[in-house]
Amino acid sequence: MKTILFYFFVLVSLVLSCNLNHVRGQSVAEISAIENPVVQLEAALQLPIRFDGDTIKLKNALAPILELADKKRSVALKWVYYMRMADGFSIAFDRINLSSERYYRLAEQLLRVHPDAELEMLGCAREGYYNFIYRRVKEAFPFFLRANDLKSKVNIKKIPLVVKHYQFMASFYSYIGDQANAVVYLEEALPFTKQASRERIDLINSIAVYLAKDSLNHQAFTYLNRAMDEAKLAKDSVWIGIISGNLADHAWRKGEKEKAIALVKKNIELSVRYNERRDAMRANLNLASWYIERKEWKLAEQYVMASERLMEDKPYFLK
């Protein structure tokens, strides 16, 4: 299971003409008034960028942030503008494209003149993730390696959206088989999550998954139970289902076959009920593989067919 995660942005021309790009109740004017620089960048990095492929609307929507950056002579806000333009074009075209890469290069050039280790690390993580989600793993490597090299030079408290960016790093390192480094990123991000939040549950569950990939099953089980406690505290049925599926894997490895099957069926039932199609697909395939192992062919076929109905065209997607 890969936790992969990224992207946001939206606004109407009437509001744009008044320089009032709203995001989560905030306008550009309100973002300008935020005194905490990290909080300000977090707000700016979450301005909407989805316009059904209309890149003119995208440019108009983000223009006020560029104006604000120039007015304040803010390198950080100009960097945010370049990042969000790159994000917006990748969503509009849904592929690797020259416009996104142009904005990544502009951000890179900006930081050559005005060095900033935190922004450089995040820029590398974001461009690496951009390549990664479009299956260009080879091209993603140098960006993630550079981000990883910069990690020791940054102050984590100065990193905007640290959880999201460290998830990007963890997803890649897990994909290439470096589960230990993936776990380190998520453990460092964990203190920046709120108790009983989906973000926190996701991180703890992902740590468990990565530990299990390294066959550290006892540690993985501990984290799964922590994740389940958080999910129950949040009364989050979706995550209770997902974690049940991961606990099912643990039970199966221990030889507790019937318990495992019951848990994964609970996972499927909750995921289908709450329209978590990808997790329901994964759980159906998992159950089918177990029935194959037990030579129960008709049941295996039943769950393979159920999984096929839940499959999407693209396994990686922009979030």
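Given the structure is predicted, the values throughout are model-derived calculations rather than measurements.

Participant: Honestly, the confidence of the model for the chain in this entry has me stumped. Any pointers?
Facilitator: Detailed reading of the predicted coordinates is not advisable wherever pLDDT is low. Chain-level pLDDT for the chain is 90 on average; 90% of the residues reach the 70-or-more range. pLDDT under 50 marks residues 315–319. Its contacts with residues more than four places away, or in other chains, come to 19 contacts.

Participant: Would you explain the nonpolar core in this entry?
Facilitator: By size, the foremost hydrophobic cluster in this structure holds 99 residues, and its most contacted members are W79, M121, Y166, I243, L287 and W290. Once residues within four sequence positions are removed from consideration, L287 is found in contact with I261, V264, K265, I268 and Y303.

Participant: What is the right way to read helix 5 (residues 75–93) from this model?
Facilitator: Residues spaced three or four apart along an α-helix point in a common direction, a consequence of the helix completing one turn every 3.6 residues. Compared with an ideal rise of 1.5 Å per residue, which puts 19 residues at 27 Å, helix 5 spans 27 Å between its outermost C-alpha atoms and is within 8% of the ideal. By the criterion of burial, helix 5 is predominantly enclosed, with 14 of the 19 residues buried. Note on helix 5: the residue one or two positions beyond its end, D94, has a positive phi of about 55°.

Participant: I would appreciate a short explanation of the environment of E120 in the present structure.
Facilitator: Along the chain, E120 falls in helix 7 (residues 117–133). Sequence separation between E120 and L110 is 10 residues, and the spatial gap between their C-alpha atoms is 9.9 Å. Leave out the neighbours within four places in its chain, and E120 touches L111, R146 and L150.

Participant: Just to check I follow, could you spell out the layout of surface pockets for this structure?
Facilitator: Rolled over the atoms, a probe with the dimensions of a water molecule shows which regions are left empty. In this model, the second largest pocket occupies a volume close to 270 Å³. Looking at the second largest pocket, it is lined by 16 residues, and the ones nearest its centre are A107, E108, L111, E120 and C124. Every element with two or more residues in the lining of the second largest pocket is listed here: helix 5, helix 6 (98–113), helix 7 and helix 8 (137–150). For the lining of the second largest pocket, the element with the highest residue contribution is helix 6, accounting for 6 residues.

Participant: Would you explain helix 16 (residues 297–310) in this entry?
Facilitator: With 14 residues, helix 16 extends 20 Å from end C-alpha to end C-alpha; this agrees with the ideal 20 Å at 1.5 Å per step. The inward-facing, buried residues of helix 16 contact helix 14 (257–273) and helix 15 (277–293).

Participant: How do you make sense of unusual backbone geometry when you look at a structure like this?
Facilitator: With glycine set apart, most residues show a phi of negative sign, and most peptide bonds adopt trans. At L161, a residue that is not glycine, the phi angle is positive and equals roughly 50°. Looking at the element boundaries, L161 is found in the loop between helix 8 and helix 9 (162–175). Given a relative accessible area of 15%, L161 falls into the buried group. Positioned with a positive phi, S215 is a non-glycine residue whose angle comes to about 60°. With a relative accessible area of 57%, S215 lands in the exposed category.

Participant: Before we go on, may I ask you to explain the packing of helix 13 (residues 237–253) against helix 14 in this structure?
Facilitator: Between two packed helices, the angle of one axis relative to the other and the distance separating the axes together describe the packing. Remark: helix 13 packs on helix 14, axes separated minimally by 7 Å, with the N-to-C direction vectors making an angle of 155°. It follows that helix 13 is roughly antiparallel to helix 14 by the angle criterion. Classified by chirality, the crossing of helix 14 by helix 13 is left-handed. Here helix 13 contributes S237, I240, G241, I242, S244, G245, L247, A248, A251 and W252 to the contact with helix 14, which in turn contributes K257, K259, A260, I261, L263, V264, K266, N267 and L270. Of the residues belonging to the contact of helix 13 with helix 14, the class tally is 11 nonpolar, 5 polar and 3 charged.

Participant: Would you mind showing me how to read the packing of aromatic side chains here?
Facilitator: Each aromatic ring pair is characterised by the separation of its centres together with the angle its planes make. Using the criterion set out here, one finds 18 aromatic pairs in the structure. The interplanar angle of 55° and the centroid separation of 5.8 Å between the aromatic rings of Y81 and Y82 together place this pair among those described as tilted. Residue Y81 shares its accessibility class with Y82, and that shared class is buried. For the pair F132 and Y175, a centre-to-centre distance of 5.2 Å together with 70° between the ring planes defines the contact as edge-to-face. Here F132, found in helix 7, pairs with Y175, found in helix 9; they are 43 residues apart in sequence, far enough to count as distant. For Y175, a relative accessible area of 36% translates into the label partly exposed. Cluster of aromatic residues (ring-pair linked, three or more members): Y129, F132, F141, F144, Y166, F168, F172, Y173, Y175 and Y185. In this structure, R102 packs its charged tip against the face of Y103, placed 5.0 Å from the ring centre.

Participant: Looking at this model, I keep getting lost on the packing of helix 8 against helix 9. Mind explaining?
Facilitator: Orientation of helix 8 relative to helix 9, taken along the N-to-C sense of each, is 125°, at an axis distance of 11 Å. Classified by the interaxial angle, the pair formed by helix 8 and helix 9 is oblique. Where helix 8 crosses over helix 9, the two elements pack in a sense that is left-handed. On the side of helix 8, the interface is formed by V137, A140, F141, F144, L145, A147 and N148, while helix 9 contributes F168, M169, F172, Y173 and Y175. Classifying every residue of the contact of helix 8 with helix 9 gives 11 nonpolar, 1 polar and no charged.

Rules used throughout
Residues numbered from 1 in each chain as written. Predicted model: local features only at pLDDT ≥ 70, side-chain atom pairs only at ≥ 80, totals over all residues. Heavy atoms only, no water. pLDDT = per-residue confidence, 0-100. Contact = heavy atoms within 4.5 Å. Core = buried A, V, L, I, M, F, W, Y, C linked by side-chain atoms within 4.5 Å. Buried < 20%, exposed > 50% of the residue type's maximum accessible area, 1.4 Å probe, protein only. Helix = DSSP H or I, 4+ residues; strand = E, 2+ residues; numbered from the N terminus. Expected span 1.5 Å × (residues − 1). 1 Å grid on protein atoms, 1.4 Å probe; cavity = no way out; pocket = protein on both sides within 12 Å on 5 of 7 lines; lining within 4 Å. Points joined across faces, edges and corners; volume = space filled by probe spheres on them. Axes fitted to C-alpha atoms, helices over the stretch in contact; angles between N-to-C directions. Parallel < 35°, antiparallel > 145°, perpendicular 65-115°, else oblique. Left-handed = near helix turned anticlockwise from the far one by under 90°. Nonpolar A, V, L, I, M, F, W, Y, C, P; charged D, E, K, R; others polar. Phe/Tyr/Trp six-rings, centres within 6.5 Å; stacked < 30°, edge-to-face > 60°. Lys NZ or Arg CZ within 6 Å of the ring centre and 35° of its normal.

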